[in-house]
Amino acid sequence: VELLLRLLNDPGWPVRQAAARALGEIGDARAAKALGGALADPEEDVRWAAIEALTHLDCPEAQEIVARAAQDESQPELVRGVAEAAVAAREGKVS
């Protein structure tokens with residue numbers, strides 16, 4: 001988990017995206033804060049991977065971050081991503 005958390009700061013956005021996805025698959029609550037920070041990534045694909053990963057973490061901190069992101073009107077694509085990720089998580093889909 002520690003390596004993946006560090007990779008969220010990699011210069012290459014595909015690496016950051018892959019790290020976010022992997023953290024979501026692992027589901028370790030320690031990743032919540034770092035994934036929350038990734039919601040401000042300049043690359044949209046990384047932000048989407050981070051919000052999807054957060055919906056897979058079963059901890060109050062992740063739920064709070066997702067709830068805040070869902071209300072962030074400055075990033076409409078992120079709000080849409082929150083909704084899509086939440087629906088996919090409820091249906092048991094993993095992308």
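Before reading further, recall that the structure is shown in the block above.
Let me sum up the structure you'll find in this document. Remember, it's a predicted structure, so these values are computed and weren't measured experimentally. Note that residues are indexed from 1 along each chain, following the sequence as it is written. Only residues with pLDDT of at least 70 get local features here, since the model is predicted, and only at 80 or more are side-chain atom pairs given and counted; chain-wide, interface and lining totals rely on the full set of residues. Side-chain figures throughout are based on the complete set of non-hydrogen atoms in the structure, without hydrogens or water.

**As for helix α2 (residues 13–26)**
Within an α-helix, residues lying three or four positions from one another point in the same direction, as the helix has 3.6 residues per turn.
Part 1: Helix and strand labels come from DSSP, where a helix needs a run of H or I of at least four residues and a strand needs a run of E of at least two; each type is numbered from the N terminus. Here a helix's expected span is defined as the number of its residues, less one, multiplied by 1.5 Å. The end-to-end C-alpha separation of α2 is 20 Å, in line with the 20 Å expected for 14 residues at 1.5 Å each.
Part 2: For the exposure calls, accessible area comes from a 1.4 Å probe over protein chains only, and a residue counts as buried if that area is under 20% of its type's maximum, exposed if over 50%, partly exposed in between. Listed in full, the buried residues belonging to α2 are Arg16, Gln17, Ala19, Ala20, Leu23 and Gly24. The buried residues of α2 occupy one face: seen down the axis, they fall within an arc of 160 degrees.
Part 3: In what follows, residue pairs with any heavy atoms lying within 4.5 Å of each other are defined as contacts. Next to the buried residues of α2 lie α1 (2–7), α3 (32–38) and α4 (44–55).
Part 4: Glycine 27 occupies a position one or two residues after α2 and carries a positive phi of about 75 degrees. Arc, as used here, means the arc of the directions from the helix axis to the C-beta atoms.

**Topic: the pattern of salt bridges**
Part 1: Salt bridges are defined as contacts in which a side-chain nitrogen from Lys or Arg sits within 4 Å of a carboxyl oxygen from Asp or Glu. Tallied over the entire structure, the rule returns four salt bridges.
Part 2: Between glutamate 2 and arginine 30 there is a salt bridge, with its nearest N and O atoms 3.6 Å apart. Within this pair, whereas glutamate 2 is found in helix α1, its partner arginine 30 is found in the loop between α2 and α3, the two being separated by 28 residues in sequence.
Part 3: For glutamate 2, a relative accessible area of 45% gives the class partly exposed.
Part 4: Take arginine 30: its relative accessible area is 51%, and that puts it in the exposed class.
Part 5: Each of Glu2, Asp28 and Arg30 takes part in one network of salt bridges that share partners.

**Things to note about helix α5 (residues 60–70)**
Part 1: Buried within α5 we find Ala62, Ile65, Val66 and Ala69. Projection of α5 onto a plane perpendicular to its axis shows the buried side chains occupying an angular sector of 100 degrees, all on one side.

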